[in-house]
Amino acid sequence: MDEAPAAAPVGGKQPSYIADHRARLRARFMAGGADAMPEYELLELVLFRAIPRRDVKPLARALMDRFGDFNRVLTASEPRLRDISGVGDAVITELKIVEAAAHRMARSRVMQTQVLSSWDALLDYCHTTMAHRETEQFRVLYLDRKNILIGDEEQAKGTVDHVPVYPREVAKRALEFNASALILVHNHPSGDPTPSQSDIDMTRRVNAACEALDITLHDHLIIGKSRELSFRAEGYL
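Description of the structure in this document. For every chain, the first residue of the written sequence is number 1, and numbering continues from 1 onward in sequence order. In view of the model being predicted, local features appear only for residues whose pLDDT reaches at least 70, and side-chain atom pairs are presented and counted only at 80 or more, with totals across whole chains, interfaces and linings using the full set of residues. The basis for the side-chain values is all heavy atoms of the structure; hydrogens and waters are excluded.

Our focus in this paragraph is the pattern of salt bridges. When a carboxyl oxygen of Asp or Glu is within 4 Å of a side-chain nitrogen of Lys or Arg, the pair counts as a salt bridge. With the rule as written, the count across this model stands at twelve salt bridges. Of the charged contacts in the structure, one is a salt bridge between Asp-69 and Lys-225, with a shortest N-O distance of 3.5 Å. Of the two residues, Asp-69 sits in the loop between helix H3 (57-67) and helix H4 (70-75) while Lys-225 sits in the loop between strand E4 (216-223) and strand E5 (228-230), which places them 156 residues apart along the sequence. Throughout this description, buried means an accessible area under 20% of the type-specific maximum (1.4 Å probe, protein chains only), exposed means over 50%, and partly exposed covers the range between. Overall, Asp-69 belongs to the buried group, its relative accessible area being 10%. We note a salt bridge from Glu-99 to Lys-96, for which the minimum N-O separation is 3.1 Å. Comment: elements are numbered from the N terminus, with helices defined as DSSP H or I runs of at least four residues and strands as E runs of at least two.

For Leu-25, the location among the structural elements is in helix H1 (residues 16-32). In this structure Leu-25 comes out as buried when scored by relative accessible area, which is 1%. Each residue touching Leu-25, except ones within four places of it in the same chain, is listed here: Met-37, Glu-41, Glu-44, Leu-45 and Phe-48. In what follows, a contact means two residues having at least one pair of non-hydrogen atoms within 4.5 Å.

Another point: the side chain of His-220. Here His-220 shows up in strand E4. For His-220, a relative accessible area of 0% translates into the label buried. Polar contact is the term for a pair of N or O atoms within 3.5 Å; when the atoms are in protein, one must be able to donate a hydrogen and the other to accept it, and sequence-neighboring residues count only if both atoms are side-chain atoms. Polar side-chain contacts of His-220 include one of 2.7 Å to the side chain of Thr-203. For His-220, the residues in contact, after removing those within four places along its chain, are Phe-138, Leu-184, Val-185, His-186, Asp-199, Met-202, Thr-203, Leu-229, Ser-230, Phe-231 and Leu-237.

So, in structure tokens, the structure goes:
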């Protein structure tokens, strides 16, 4: 069961007030899109498929209260989601399907494109996949001689404020991709993209490893909740 038992309808039939509410939400969404409703109602739409015959508004509110916004609900880890009363396998599956779809769509806009001329799409992809994570993640984007994105890999995961990065591994994978350039990307779960001294030191070590192999490090992006920081733009590279 995905929700605690509550006045279950006889014979499993959905009460009319729930059916009417769902029909209204769906109609409003189809007429105006996501902008026509608050985030908790958008979350209700996702929960409808997981919980077909119960009022999901209390659960949507509980999830929003715990995680803060729609994006953070989708990206919350499975153990933390299960801490919420009423969340079970079906709810987690629906949330993770939506998260995966968002990542796949954002990624499709940047793969095999000329990255330096599609910078806004790249930033959108990085924010979609990393801005709302609860722990740090380090990704490497591999580019060919024409700066076409040919590879995108998660190199490491970490804690809320640290992720281990090994410059030799980054350089090794670049050679395996036959890459001519790299862009490093990692997130700060705190929301503040200001680099730490360890971020700066690590970037210098990766840059030195790349220079030894005649590989260009174009940039290191730190993704915060609502903005990003570019090492290149800030003068760190």
